[in-house]
Amino acid sequence: MKEDRYYSRSYSRQQKTINVVIQIVLLVLGIMWILPLMWIILTSFRAEPGSYTSYFWPKGFTLDNYMRLLFEDQQFKFSQWFLNTFIVAVVSCIGSTFIVLAVSYALSRLRFKMRKPMMNVALILGMFPGFMSMVAIYYILKGLGLTENPLVCLTLVYISGSGLTYYIAKGFFDTIPVSLREAARLEGASEATIFTKIIIPLSKPMIVYTIINAFLNPWMDFVMARIMIKSKDSADWTVAIGLYNLLQKTLIGDYFSIFCAGGVMIAIPISILFVVMQKFYVEGVTGGAVKG
């Protein structure tokens, strides 16, 4: 008995030590993760000009960086960049969400010829880096005469390529009992009715996940936007292109604090989207179970 108690106390001490070490490591990693974000936020309110300072905490705070970004500095038209990016992101989000869910449901529940070869081809294509196809996509769109409106091209590219990201949604649909679909089929329901009236209400967590990803990709994308947008008119740019141009050697000294203010501004819609969707995500997890 004494030996058992000794080993129990020894194990408890070891477990406490391990927990403390894990918490310390997580704390260090958390600080490393949050410091760059804090630095960007502080720099956006910094009154001192320049792209580099030897101190972390600004000597003075001001809102002029945000005022110049939104209202005064018409050379860069941040409001127009923001609007362009928002329109592309919203339209792409709606189209991509529908395509991903529809493709995932079809591959999960329907059985047709070439189903598995199509899934294998999509899996293989997904292994290649996306930038390898960007030049080819640009010249295809140029050949079709669609590059005159780069924002429309970006939207088409984001929506068209979304079907390849069906893996996670398909895995979720695979967990929904097949008996629900079979019962609906016996009642005379069509596949469209089953998908919209039965599958979708049970798939809130996956829908939220798909919406967030479908919005973030165009909202944060730089490479594809850089390839598609060749216009010299800053009114045609997206946020990523516009903020990148603020980092030119001739501008970075005067506009770096404004660049950080722009970084804070583009994080606001993402944060709002996550907070709003997180509520529905929790509701979907707790209320999306099959009820008999």
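That block above? That's the structure.
Everything numeric in this text was worked out from a predicted model, so none of it was measured.

Reading guide: rules and limits
Residues numbered from 1 in each chain as written. Predicted model: local features only at pLDDT ≥ 70, side-chain atom pairs only at ≥ 80, totals over all residues. Heavy atoms only, no water. Helix = DSSP H or I, 4+ residues; strand = E, 2+ residues; numbered from the N terminus. Buried < 20%, exposed > 50% of the residue type's maximum accessible area, 1.4 Å probe, protein only. Contact = heavy atoms within 4.5 Å. Areas by Shrake-Rupley, 256 points an atom, 1.4 Å probe, with all protein chains shown as cover. Salt bridge = Lys/Arg side-chain N within 4 Å of Asp/Glu carboxyl O. Phe/Tyr/Trp six-rings, centres within 6.5 Å; stacked < 30°, edge-to-face > 60°. Lys NZ or Arg CZ within 6 Å of the ring centre and 35° of its normal. Arc of directions from axis to C-beta. Polar contact = N/O pair within 3.5 Å; in protein donor to acceptor, adjacent residues only side chain to side chain. Core = buried A, V, L, I, M, F, W, Y, C linked by side-chain atoms within 4.5 Å. Axes fitted to C-alpha atoms, helices over the stretch in contact; angles between N-to-C directions. Parallel < 35°, antiparallel > 145°, perpendicular 65-115°, else oblique. Left-handed = near helix turned anticlockwise from the far one by under 90°.

A. A look at the overall build of the protein chain. Counting secondary structure elements, the protein chain contains 13 helices and zero strands. Along its sequence from the N terminus, the protein chain presents helices and strands in the succession α-α-α-α-α-α-α-α-α-α-α-α-α. Burial statistics for the protein chain: of 292 residues in total, 35% are counted as buried. Of the contacts made within the protein chain by residues no fewer than 6 positions apart, 72% connect residues no fewer than 24 positions apart. Entry remark: accessible area of the protein chain is about 18,400 Å², with carbon and sulfur atoms responsible for 68%.

B. Inspection of the pattern of salt bridges at higher detail. For the structure shown, the criterion picks out two salt bridges. A salt bridge links D174 to K170; the nearest nitrogen and oxygen atoms lie 3.0 Å apart. Here D174 and its partner K170 are both found in helix α7 (residues 167-174), four residues apart, which amounts to about one turn of the helix. By relative accessible area, D174 is classed as partly exposed at 37%. Residue K170 is classed as buried on the basis of its relative accessible area of 12%.

C. Quick peek at the packing of aromatic side chains. Counted according to the given criterion, the structure contains 15 aromatic pairs. Measuring from ring centre to ring centre gives 6.3 Å for Y105 and F173, while their planes differ by 85°; the resulting arrangement is edge-to-face. With Y105 in helix α3 (residues 78-109) and F173 in helix α7, the pair connects residues that are 68 residues apart, well separated along the chain. Looking at Y105, the relative accessible area reads 5%, which means it is buried. Owing to a relative accessible area of 1%, F173 belongs among the buried residues under this scheme. Ring geometry for Y105 and F195: centres 5.1 Å apart, planes at 50°, overall tilted. Placement of the pair is Y105 in helix α3 and F195 in helix α9 (residues 191-199), with a sequence separation of 90 residues. What links up through ring pairs into an aromatic cluster is the set F78, W81, F82, F215, W219 and W237. The ring centre of Y138 lies 5.6 Å from the NZ or CZ of K230, which sits over that ring.

D. Spatial organisation of α7. Among all positions of α7, only A169, K170 and F173 are buried. One face of α7 carries all of its buried residues, which in axial projection span an arc of 100°. At its buried positions, α7 is contacted by α3, α4 (115-127), α9 and α10 (204-220).

E. Layout of the side chain of S104. Inspection of the secondary structure puts S104 in helix α3. There is a polar contact of 2.6 Å between the side chain of S104 and the backbone oxygen of V100. Here Y166 takes part through its backbone oxygen, which lies 3.3 Å from a polar atom of the side chain of S104.

F. Geometry of the nonpolar core. F78, W81, L154, M224 and M228 are the most contacted members of the largest nonpolar core, which totals 29 residues. Looking at this core, the elements that each hand over two or more residues are α2 (64-72), α3, α5 (134-143), α6 (150-160), α11 (223-228), α12 (239-245) and α13 (252-287). Among the elements that make up this core, the one with the highest residue count is α13 (five residues). When sequence neighbours within four positions are dropped, the list of residues in contact with M228 reads I137, Y138, L141, P150, C153, L154 and V157. Of all hydrophobic cores here, the second largest spans 21 residues; its members include A184, I199, I211 and I212.

G. Structural detail: the packing of helix α8 (residues 178-186) against α9. Across the interface, α8 lies against α9 with an axial gap of 10 Å and an inter-helix angle of 130°. In this view, α8 runs oblique relative to α9, as classed from their interaxial angle. Here α8 and α9 pass one another in a crossing that is right-handed. Residues L180, R181, A184 and R185 of α8 form the contact with α9, whose own contacting residues are E191, I194 and I198.

H. Representation of α2. Within the sequence span of α2, burial applies to N65, Y66 and L69. Buried residues of α2 fall within an arc of 100° about the axis and therefore sit on the same side. Turned more than 90 degrees away from the buried face of α2, the exposed residues are F71 and E72.

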